[in-house]
Amino acid sequence: MKKNLPEPDAEALYRALLAQVNAGLVDIPDPVIVGIHSGGAWLAERLAVDLGIPEDRLGFIDVSFYRDDYAEKGLRADVKPSHIPFDVNGASILLVDDVLYTGRTTRAAINELFDYGRPARVMLAALVDRGERELPVAADFVAEYMQVKDNQSIVLHRADDGTFTLTVEHAS
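Residues numbered from 1 in each chain as written. Predicted model: local features only at pLDDT ≥ 70, side-chain atom pairs only at ≥ 80, totals over all residues. Heavy atoms only, no water.

**Q** Please provide a residue-by-residue account of the overall build of the protein chain, values included.
**A** Each helix and strand counted, the protein chain has 4 helices and 8 strands in total. Each helix and strand of the protein chain, ordered N terminal to C terminal, gives the series β-α-β-α-β-α-β-α-β-β-β-β. When the 172 residues of the protein chain are sorted by exposure, 46% land in the buried category. Counted over contacts in the protein chain with a minimum sequence separation of 6, partners at least 24 positions apart contribute 69%. (Helix = DSSP H or I, 4+ residues; strand = E, 2+ residues; numbered from the N terminus. Buried < 20%, exposed > 50% of the residue type's maximum accessible area, 1.4 Å probe, protein only. Contact = heavy atoms within 4.5 Å.)

The structure is reproduced here in structure tokens:
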């Protein structure tokens, strides 16, 4: 059963996140963006366009193989290849995810980034932070803090025209 959120509006949240990231990156020369598949990748694509960051400074990672619960969950059918078209060594990376929750996805993403090299800095941007961290992870840029029940998840959707919506769904 899906329940559409009347508030907050995902497009309004995106604009708020964009404003924060734009202000936060002003003193950082040549930042790169890495989106975590899938919602974070969608956000990263749009942020790169809106911030004027060239396509060769935009990357994507799928953390499936880096998750500490990989043995329990197994391989999902929708695993995407990671694509990092720039040198990670010494880079200032904006890591983008749609929903920050336990911190495990962020930890897995950082582990994967370090397999590519040693960045100078990794900043985290999330559209929604739902709290309840299991690991000491905090985002540098967050559009909204939102709590939902333990048996629910916040899901970002992207329409064919690129616009975003959020739903609260019962976790399976």
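Once the structure has been displayed, the description carries forward.
**Q** Any chance you could break down the pairing of strand β5 (residues 121–129) for me, citing the residues and the numbers?
**A** The element β5 is largely enclosed, with a buried count of 7 among its 9 residues. Two elements, strand β4 (residues 92–100) and β5, share 8 bridges in a ladder whose sense is parallel. Paired with Leu94 across the strands is Met123, a residue of β5. A crossover connection joins β4 to the parallel β5 through helix α4 (residues 104–116); in handedness this β-α-β unit is right-handed. Summarising the sheet, β5 and strand β6 (residues 141–145) pair through 4 bridges and their orientation is parallel. Among the inter-strand pairings, Asp129 is bridged to a residue of β6, identified as Tyr145. (Pairing = 2+ DSSP bridges. Right-handed = clockwise from strand over helix to strand, strands pointing away.)

**Q** Give a description of helix α2 (residues 39–51) that names residues and reports values.
**A** Compared with an ideal rise of 1.5 Å per residue, which puts 13 residues at 18 Å, α2 spans 18 Å between its outermost C-alpha atoms and is within 8% of the ideal. Buried within α2 are the following residues: Gly39, Gly40, Ala41, Leu43, Ala44, Leu47 and Ala48. Positive backbone phi, at 75 degrees, marks Gly52, one or two positions downstream of α2. (Expected span 1.5 Å × (residues − 1).)

**Q** Just give me the short version of the packing of aromatic side chains, but keep the residues and values in it.
**A** Under the counting rule described, the total for this entry stands at 1 aromatic pair. On the basis of an interplanar angle of 55 degrees and a centroid distance of 5.9 Å, the ring pair of Tyr14 and Phe164 is categorised as tilted. With a gap of 150 residues between them, Tyr14 in helix α1 (residues 10–24) and Phe164 in strand β8 (residues 164–170) connect regions that are remote in the sequence. On the basis of relative accessible area, Phe164 is assigned to the buried category, the value being 4%. (Phe/Tyr/Trp six-rings, centres within 6.5 Å; stacked < 30°, edge-to-face > 60°.)

**Q** Give a description of the environment of Val79 that names residues and reports values.
**A** Take Val79: it is sitting in the loop between α3 (70–73) and β4. Residues Val79 and Phe65, 14 residues apart in the sequence, show an inter-C-alpha distance of 9.2 Å. Other than its neighbours up to four places away in sequence, Val79 contacts Asp62, Ser64 and Phe65.

**Q** Describe the packing of α1 against α2, naming the residues involved and giving the relevant values.
**A** The geometry of α1 relative to α2 is characterised by a closest axis approach of 11 Å and an angle of 55 degrees between their N-to-C directions. When the axis of α1 is compared with that of α2, the two are oblique. Viewed along their axes, α1 and α2 form a crossing whose handedness is right-handed. Contacts from Glu11, Tyr14, Leu18, Val21 and Asn22 in α1 reach Leu43, Arg46, Leu47, Asp50 and Leu51 in α2. Class assignment for the residues of the contact of α1 with α2 results in 6 nonpolar, 1 polar and 3 charged. (Axes fitted to C-alpha atoms, helices over the stretch in contact; angles between N-to-C directions. Parallel < 35°, antiparallel > 145°, perpendicular 65-115°, else oblique. Left-handed = near helix turned anticlockwise from the far one by under 90°. Nonpolar A, V, L, I, M, F, W, Y, C, P; charged D, E, K, R; others polar.)

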